[in-house]
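Coordinates in review
Residues per chain are reported as follows:
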Amino acid sequence: MSSALVILAAGKGTRMNSDMPKVLHPIAQAPMLVHAMRAGRALSPERTVIVAGHGAEAVTKAALAEDDGAQVVLQTEQLGTAHAVDQARTALDGFEGDVVVLYGDTPFIRPETLERMIAARAENDLVILGFEAADPARYGRLVMNGDRLERIVEFKDANEAERAITFCNSGLLACDASTLFDLIAAVGNDNASGEYYLTDVVELARARDLNVTAVACDEAETLGVNSRADLAQADAVFQAASRGALLEQGVTLMAPETVYLAADTVIGRDTVIEPNVVFGPGVTVESGAQIRAFSHLEGCHVSRGAVVGPYARLRPGTELAEDAKVGNFVEIKNAEIAEGAKVNHLSYVGDASIGAKSNIGAGTITCNYDGFMKHRTEIGEGVFIGSNTMLVAPVSVGDGAMTATGTVVTRNVEPDALAVARAKQDNKPGYAKKLFSMLRKKKENLSKGS
Ligand code: UD1
Ligand code: MG
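Residues numbered from 1 in each chain as written. Chains lettered and ligands numbered in written order. Predicted model: local features only at pLDDT ≥ 70, side-chain atom pairs only at ≥ 80, totals over all residues. Heavy atoms only, no water.

**Things to note about the site of ligand 1**
Around ligand 1 sit 19 residues, and of these Gln-75, Thr-81, Gly-140, Glu-154 and Asn-169 come closest. Asp-105 has a polar side-chain atom sitting 3.2 Å from an oxygen atom of ligand 1. Surface burial for ligand 1 is 80%, taken as the share of its 760 Å² of free accessible area covered by protein chains. Listing elements by their share of the shell around ligand 1, those giving two or more residues are strand 1 (3–9), helix 3 (81–86) and strand 10 (167–176). Looking at the shell around ligand 1 residue by residue, the class counts come to eight nonpolar, nine polar and two charged. (Near = heavy atom within 4 Å. Polar contact = N/O pair within 3.5 Å; in protein donor to acceptor, adjacent residues only side chain to side chain. Areas by Shrake-Rupley, 256 points an atom, 1.4 Å probe, with all protein chains shown as cover. Helix = DSSP H or I, 4+ residues; strand = E, 2+ residues; numbered from the N terminus. Nonpolar A, V, L, I, M, F, W, Y, C, P; charged D, E, K, R; others polar.)

This is the structure we're talking about:
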C-alpha cells in the first residue's frame, strides 16, 4: 500500500518568541521539520506535502534542502488543523493510498510507530496515534469504547468527565486519502476555538459506520515543542539518546554528557571522543580515530586512525585521510590532508591539499583570501613546511620540497627545492647591553620627573 505524508508546519509558535518559524528551530542542529521528514521517510512515501504558513519561504527552503521531491503548499490563514490538511488536497490529486498526517513540531516520532499505524490501517478506516499522558493538560482526549475510538474532545470543549481521561491525542493520523478528504470536507468550526478541528474526522467517520481505532505510543515520542525551554529540553533528550546509541555501537565517549552531537553525526567503532567535543552537521568519523578534547567539527570526514585536537577546528570540506594528525589551535577548511600528514600546531589551512606524509610547521598560514576571491594552495607529498610559513595562494609546493622557517611563499616551489624568503640575520655585538642601559636610564629620569 502506498502512502503520502502531510506535515503540518504553518503555525507561528507564538511562545517561541522568535522571528523564525517554529518548525525551523533546530534540535541537534537540524530543523524540527527535518526530524519529522526523516521519521516519515521510513514509510517510503510516494508524496510528501508540507503545509507552510508563517515564514513559508524559509520553511520551503529547508524542506526542499532535505527532500527536493517534497511539495510545499501554503495555508495563508491558520484556521485549524483540518483546514491545514485540506490545503494538501490538490497536491495529492490522483494519489491513491494512505495519508499519514504528522506535525512539523513533533520531532521524536519513531519510524516504527508510523509503521504500526499503517499496519493498524489494515483493519481500520482511520487510525489515530494516542498516548497515555502523565499530565494531560490541554491535549485532546480520546474517548474510547473498548478498542474503538468514538471521538476526540478538545480540552476547551470537554466536560469534567472527559477532562479526566488521560489517553490523549498526539495529532497524528493515518487514513485512506479519498476517505480523509471526504471527512475533512464535512468538518465545521462550531466549537470553543472557532477552528476547523482535524480531530472532528473521528466522530464524522463513526457516523458513517467506519472503523476507527487508536494506536498508542510512548509519550516521549509525541513531545511537542512550544517554547525555547521545550526546545532545550528536546535537544537534551535527543543528545542523551544519540550518545547512548553511539556507546552501544562501540564508540568511547570519555565524558558522554559533555559531547554535543548533530542529528546526522556518524562515528565508527573504537573511535575515542574525549570530553567537550562539539559536532556540527555533516560529520563522519571512521573507526579507530581519536577526537581529542575541546575540538569542534562540522561538514568533514575523518578517516581511520586520524587524530584531531585537542582544541582543533575542522570546518566544512575538510577531509582527513588515514593517520592524519591535526593538533591544537589548528583550523582546517575545505582541504584534503592526505595519509599520515601532520598539521600539529597553531595553523590555518584553507582551500588546500596536503600530500601524504607532509609536515606543516607551527604557525603556518595558507593566505587563501585576497579580499575578493579564494585561492588554492597545493602541497605535494613528503614536504616539510617550516614554522611560520605564509603560503600566498594560488601557490604550489612540489613533492619533497622544503620551506625555511618564516618564509613567505609567493611563487611555486618545484619538487625537492628549498624555498627561503626572509631577511638575512645581522648580529651586532654588545648592542643589546647598550640598549638595555639606555632604556633603564630613560625610565629612571622619567620617574624622577614625576
Ligand atoms: C492539536 C490537537 C489536539 C492534540 C494536540 C497534540 C486539533 C484540533 N487538536 O491541538 O487534539 O492533543 O494537537 O499536540 O487538531 N497547524 C497548522 N495550521 C493550522 C493549525 C495548526 O499548520 O491552521 C499546525 C501547527 O503548526 C502545529 C500543528 O498543526 O504543528 C498542531 O497545531 P496546534 O495549534 O499546536 O494544535 P493544538 O491546539 O496543540
Ligand atoms: Mg500544539
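**Notes on the pairing of strand 23 (residues 325–328)**
The pairing of strand 20 (residues 307–308) with strand 23 spans two bridges and is parallel. Paired with Val-307 across the two strands is Lys-325, which belongs to strand 23. Pairing between strand 23 and strand 25 (residues 342–345): three bridges, direction parallel. Residue pairing for strand 25: Asn-328 is matched across the bridge by His-345. (Pairing = 2+ DSSP bridges.)

**Regarding the environment of Thr-377**
Of note, Thr-377 is situated in strand 29 (residues 377–379). Residue class for Thr-377 comes out buried when judged on its relative accessible area of 0%. With 17 residues separating them along the chain, Thr-377 and Pro-394 place their C-alpha atoms 5.6 Å apart. Among residues more than four places away in sequence, those in contact with Thr-377 are Asp-351, Ala-352, Ser-353, Thr-366, Leu-391, Ala-393 and Val-395. (Buried < 20%, exposed > 50% of the residue type's maximum accessible area, 1.4 Å probe, protein only. Contact = heavy atoms within 4.5 Å.)

**Observations regarding the side chain of Lys-22**
Assignment of secondary structure puts Lys-22 in the loop between strand 1 and strand 2 (26–27). Engagement of the side chain of Lys-22 in a polar contact is seen with the side chain of Asn-226, the distance being 2.9 Å. Dropping the residues within four chain positions of it, Lys-22 is found in contact with Lys-12, Gly-13, Met-16, Met-32, Asp-105, Val-225 and Asn-226.

**What to know about the side chain of Thr-265**
Mapped onto the elements, Thr-265 comes out in the loop between strand 12 (252–253) and strand 13 (266–267). Polar side-chain contacts of Thr-265 include one of 2.9 Å to the backbone nitrogen of Ala-262. When sequence neighbours within four positions are dropped, the list of residues in contact with Thr-265 reads Phe-279, Gly-280 and Val-283.

**Details of the domain arrangement of the chain**
When cut into domains, the chain gives domain 1 (3–222) and domain 2 (228–419). In this complex, domain 1 contributes 14 residues to the contact, which on the side of domain 2 involves 15 residues. Of all residues in domain 1, Ala-28, Gln-29 and Phe-108 bury the most surface against domain 2, accounting for 49% of the area lost on that side. Between domain 1 and domain 2 we count zero salt bridges in total. Put simply, the parts of the chain that give the side of domain 1 that touches domain 2 at least two residues each are strand 2 and helix 1 (32–41). Element by element, the count of residues in the side of domain 1 that touches domain 2 is highest for helix 1, at three residues. (Domains from an automatic or database assignment. Buried area = accessible area lost by both parts, 1.4 Å probe. Salt bridge = Lys/Arg side-chain N within 4 Å of Asp/Glu carboxyl O.)

**Focus: the packing of helix 1 against helix 2 (residues 56–66)**
The N-to-C vectors of helix 1 and helix 2 enclose an angle of 35°; their axes lie 10 Å apart at closest approach. Regarding helix 1 and helix 2, the two cross each other, and that crossing is right-handed. In this structure, helix 1 uses Leu-33, Val-34, Met-37, Arg-38 and Arg-41 to contact helix 2, whose residues at the interface are Val-59, Ala-62, Ala-63 and Glu-66. For the contact of helix 1 with helix 2, the per-class residue count stands at six nonpolar, no polar and three charged. (Axes fitted to C-alpha atoms, helices over the stretch in contact; angles between N-to-C directions. Left-handed = near helix turned anticlockwise from the far one by under 90°.)

**With respect to the sheet that holds strand 12**
Spatially, ten strands are ordered 12-14-17-20-23-25-27-30-33-35 in an open sheet, and the strand pairing comes out parallel. Lying at the two open borders of the sheet, with one neighbouring strand each, are strand 12 and strand 35 (418–419).

**Quick look at the environment of Gly-288**
The topology assignment puts Gly-288 in the loop between strand 16 (284–285) and strand 17 (290–291). For Gly-288 and Arg-89, which are 199 residues apart along the polypeptide, the C-alpha to C-alpha distance reads 51 Å. With near-sequence residues (within four places) excluded, Gly-288 lies in contact with Arg-269, Asp-270, Thr-271, Arg-304 and Gly-305.

**Section: the nonpolar core**
Counting residues in each nonpolar core, the largest one holds 44 residues, and the members touching the most others are Ile-273, Phe-279, Leu-297, Val-302, Leu-314, Ile-332 and Ile-337. Every element with two or more residues in this core is listed here: strand 19 (300–302), strand 21 (312–314), strand 24 (330–337), strand 26 (348–354) and strand 32 (395–397). The contact partners of Phe-279, leaving out residues within four places of it in the chain, are Gln-29, Val-259, Tyr-260, Leu-261, Ala-262, Thr-265, Ile-267, Ile-273, Val-285 and Leu-297. Residues Val-6, Ala-10, Phe-95 and Cys-175 belong to the second largest nonpolar core, which totals 37 residues. (Core = buried A, V, L, I, M, F, W, Y, C linked by side-chain atoms within 4.5 Å.)

**A few points about the pattern of salt bridges**
In this structure the tally under the stated criterion is 16 salt bridges. Linking Arg-206 and Glu-150 is a salt bridge whose minimum nitrogen-to-oxygen distance equals 3.4 Å. Taken together, the residues Arg-206 in helix 7 (residues 200–207) and Glu-150 in strand 9 (residues 148–153) connect sequence positions 56 residues apart. Under the relative-accessibility criterion, Arg-206 is labelled partly exposed at 23%. Residue classification places Glu-150 among the partly exposed residues on the basis of a relative accessible area of 22%. Through salt bridges that share partners, Arg-38, Arg-41 and Glu-66 make up one connected network.

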